[in-house]
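# Examining the three-dimensional arrangement
Now for the letters of each chain:
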Amino acid sequence: MKKMMMFLLSILLVCLTGSPVSAESPKPENLQVAELFKGKQGTIVVKNLKTDKIYVYNKKRSKERLTPESTFKVPNALIGLKTGAVKDEYEVKRWDGTLREIEEWNRDHTLASGMRFSVIWYYQSMARDIGSAAMQENIDLLNYGNRDIGGGIDRFWLDSSLKISAQEQICFFENLVEETLPFDKQQMRTVKRIMINEEADSYVLHGKTGTRLSDLGLGWYVGYTETEKAEWVFAANIDGSGSEAKNITIEVLKQLNIINK
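Residues numbered from 1 in each chain as written. Predicted model: local features only at pLDDT ≥ 70, side-chain atom pairs only at ≥ 80, totals over all residues. Heavy atoms only, no water.

## Concerning the overall build of the protein
What counts, and what does not: For the purposes of this entry, the term helix denotes a DSSP run of H or I that reaches at least four residues, the term strand denotes a run of E that reaches at least two, and both are numbered from the N terminus. Radius of gyration here uses only the C-alpha atoms, and the compact-globule reference equals 2.2 Å multiplied by the residue count raised to the power 0.38. A simple rule labels every residue: compare its accessible area, found with a 1.4 Å probe on the protein chains alone, to the largest value its type can have, and call it buried under 20%, exposed over 50%, or partly exposed in between. Should any heavy atoms of two residues lie within 4.5 Å, those residues are considered in contact. Using a 1.4 Å probe, the Shrake-Rupley method yields the accessible areas, and only the shown protein chains count as cover for residues. Positive: Lys, Arg. Negative: Asp, Glu. His and the chain ends are not part of the count. For this purpose, a charge sits on NZ of Lys, CZ of Arg, CG of Asp or CD of Glu.
A tally of regular secondary structure across the protein gives 9 helices and 9 strands. At 17 Å, the protein has a C-alpha radius of gyration in line with the 18 Å of a compact globule built from 261 residues. Dimensions of the protein, computed from C-alpha atoms along their principal axes, come out at roughly 50 × 45 × 35 Å. Buried residues in the protein amount to 54% of all 261 residues. Intrachain contacts of the protein at a sequence separation of at least 6 include 60% that bridge at least 24 residues. Entry remark: accessible area of the protein is about 12300 Å², with carbon and sulfur atoms responsible for 49%. In the protein, which carries 35 positive and 35 negative side-chain charges, the distance between the mean positions of the two groups comes to 3 Å.

Put into structure tokens, the structure is as follows:
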């Protein structure tokens, strides 16, 4: 019990500061990328995990908690694997026959394809299988945002009660990349693998978009990229769509010479 309390305290300190407590932590550098947001409010945070160097645009917004939308599929997948609600990335859930607005959703899916095509019904079904008690326990272990799942077991992350900031997303992904979360390493590696968006000669991009579908008024892109020199975690959100957040992130990564496209 004492060891678990110490672990949770260390995670909390990292999440509150954005990096381990150290007098030598580099000062965040402001990104001059307002033009990429085209007049919309938003933020992006990028962190080099080798040097702890942080780049941020709109620091105030980066601390504002917003609903995670489909970016929650990442911790949801971890919790599903840990609790046995899903066996592995290949486990199939059968489509219920209900026609939904996105064509790719109208078929059977696995954990991996559900991540790739952001299939809400698959992850809602898995959340119901996880159950409220186990979900809350693991959300608390992750110290994920405000940890509020009161909006309903299959809705709390969708324009509902759960909220998280870009800075907190950075903390979560840093711990996932470095495999310091209180989960089995193989489970973390599985989730990182199914997050791959692109594999190029000089980098691998792992990411997840999220869009508030009710009004397309909030979009996220979160994740990390691997290069030969370092791993970089990122979190961006905008008063727009997840596609917009992703496009902004890609451009920022290019401007920082992290990736070449």
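Continuing now.
## What about the pairing of strand β6 (residues 196-199)?
Within a regular strand, the side chains alternate between the two sheet faces. Test applied: Should DSSP find at least two bridges between two strands, the strands are regarded as paired.
Inspection of the sheet shows β6 paired to strand β7 (residues 203-211) by 3 bridges, in the antiparallel sense. From the neighbouring strand, Glu199 faces β7, where its bridge partner is Val204. Hairpin geometry of β6 and β7 is characterised by an intervening segment of 3 residues between the two adjacent antiparallel strands.

## Examining unusual backbone geometry
Residues other than glycine seldom take positive phi values, yet Asn58 does so here, at roughly 65°. Assignment of secondary structure puts Asn58 in the loop between β3 (54-57) and α2 (59-62). We classify Asn58 as partly exposed; its relative accessible area is 24%. In the Ramachandran plot, Glu179 falls in the positive-phi region, its phi being about 55° despite a non-glycine side chain. Along the chain, the position of Glu179 falls in the loop between α7 (166-177) and α8 (185-194).

## Here we look at the packing of aromatic side chains
The criterion, for reference: Two aromatic rings, drawn from Phe, Tyr or Trp (for Trp, its six-membered ring), form a pair once their centres lie within 6.5 Å of each other, and the interplanar angle then sorts them: stacked below 30 degrees, edge-to-face above 60, tilted otherwise. The criterion for a charge sitting over a ring is simple: Lys NZ or Arg CZ within 6 Å of the ring centre, and within 35 degrees of the ring normal.
Taken as a whole and assessed by the stated rule, the structure comprises 11 aromatic pairs. Grouped by ring-pair contacts, the aromatic residues Phe72, Tyr144, Phe156, Trp157, Phe172 and Phe173 constitute a single cluster. Between Lys53 and the ring centre of Tyr55, over which it is positioned, the NZ or CZ distance is 5.6 Å. Here the basic side chain of Lys82 rests over the ring of Phe183, its NZ or CZ set 4.7 Å away from the ring centre.

## A look at the pairing of strand β9 (residues 231-238)
Counting buried positions along β9 gives 7 out of 8 residues, so the element sits mostly inside the fold. Where strand β2 (residues 42-48) and β9 come together, 7 bridges link them in antiparallel fashion. Following the sheet pairing, Ile44 is matched in β9 by Ala236. Pairing analysis gives 8 bridges linking strand β8 (residues 219-227) to β9, with the strands arranged antiparallel. Counterpart to Tyr221 in the pairing with β9 is Ala236. Once β8 ends, the chain turns through 3 residues before running back antiparallel as β9.

## Some points on the nonpolar core
Just so we agree on the cut-off: Only buried residues count toward a nonpolar core, which is a set of Ala, Val, Leu, Ile, Met, Phe, Trp, Tyr and Cys residues joined through side-chain atoms within 4.5 Å.
Counting 54 residues, the largest nonpolar core has Leu111 and Met135 as its most contacted members. When residues no more than four places from it in sequence are discounted, the contact partners of Leu111 are Ala77, Leu81, Val86, Asp88, Glu89, Glu91, Tyr122, Tyr123, Met126 and Ile194.

## Details of the pattern of salt bridges
Opposite charge on two side chains lets them pair, provided their charged atoms get close. Note the following rule: For this analysis, a salt bridge means a side-chain nitrogen from Lys or Arg found within 4 Å of a carboxyl oxygen belonging to Asp or Glu.
All chains considered together, the criterion is met by 15 salt bridges. Where Lys53 meets Glu29, a salt bridge forms, and the shortest distance between an N and an O atom there is 3.3 Å. With Lys53 in the loop between β2 and β3 and Glu29 in strand β1 (residues 29-30), this residue pair connects regions lying 24 residues apart in the sequence. When its relative accessible area of 38% is taken as the criterion, Glu29 is described as partly exposed. Here Arg128 ties to Asp154 by a salt bridge, and the two come within 2.7 Å at their closest N and O atoms.

## Examining helix α5 (residues 120-130)
For α5, the buried fraction is high: 9 of the 11 residues fall into the buried class. Turning to α5, its buried residues are Ile120, Trp121, Tyr122, Tyr123, Gln124, Ser125, Met126, Ala127 and Ile130. Looking at the buried side of α5, the elements it contacts are α3 (73-83), β4 (92-93), β5 (109-110), α4 (111-116), α6 (132-142) and α8. Just past α5, the residue Gly131 takes up positive phi, approximately 90°.

## Focus on the packing of α3 against α8
The description of two helices packed together rests on the angle between their axes and the distance between the axes. In plain terms, the rule: Axis geometry follows a simple rule: fit a line to the C-alpha atoms, using only the stretch in contact for helices, then measure angles between N-to-C directions, giving values from 0 to 180 degrees. Orientation is classified from the angle alone, with under 35 degrees giving roughly parallel, over 145 giving roughly antiparallel, 65 to 115 giving roughly perpendicular, and any other angle giving oblique. For any pair of crossing helices, the crossing counts as left-handed if the nearer helix is rotated counterclockwise from the farther one by less than a right angle, and right-handed if it is rotated clockwise. Note that Gly is not counted as nonpolar here; it falls among the polar residues with everything else outside the nonpolar set of Ala, Val, Leu, Ile, Met, Phe, Trp, Tyr, Cys and Pro and the charged set of Asp, Glu, Lys and Arg.
At a minimum axis separation of 10 Å, α3 and α8 run at an interaxial angle of 140°. On the basis of their axis angle, the class for α3 and α8 is oblique. Every pair of crossing elements has a handedness; the one defined by α3 and α8 is right-handed. Between α3 and α8, the contacting residues are Val74, Ala77, Leu78, Leu81 and Lys82 on the first element and Gln187, Met188, Thr190 and Val191 on the second. When its residues are assigned to classes, the contact of α3 with α8 shows 6 nonpolar, 2 polar and 1 charged.

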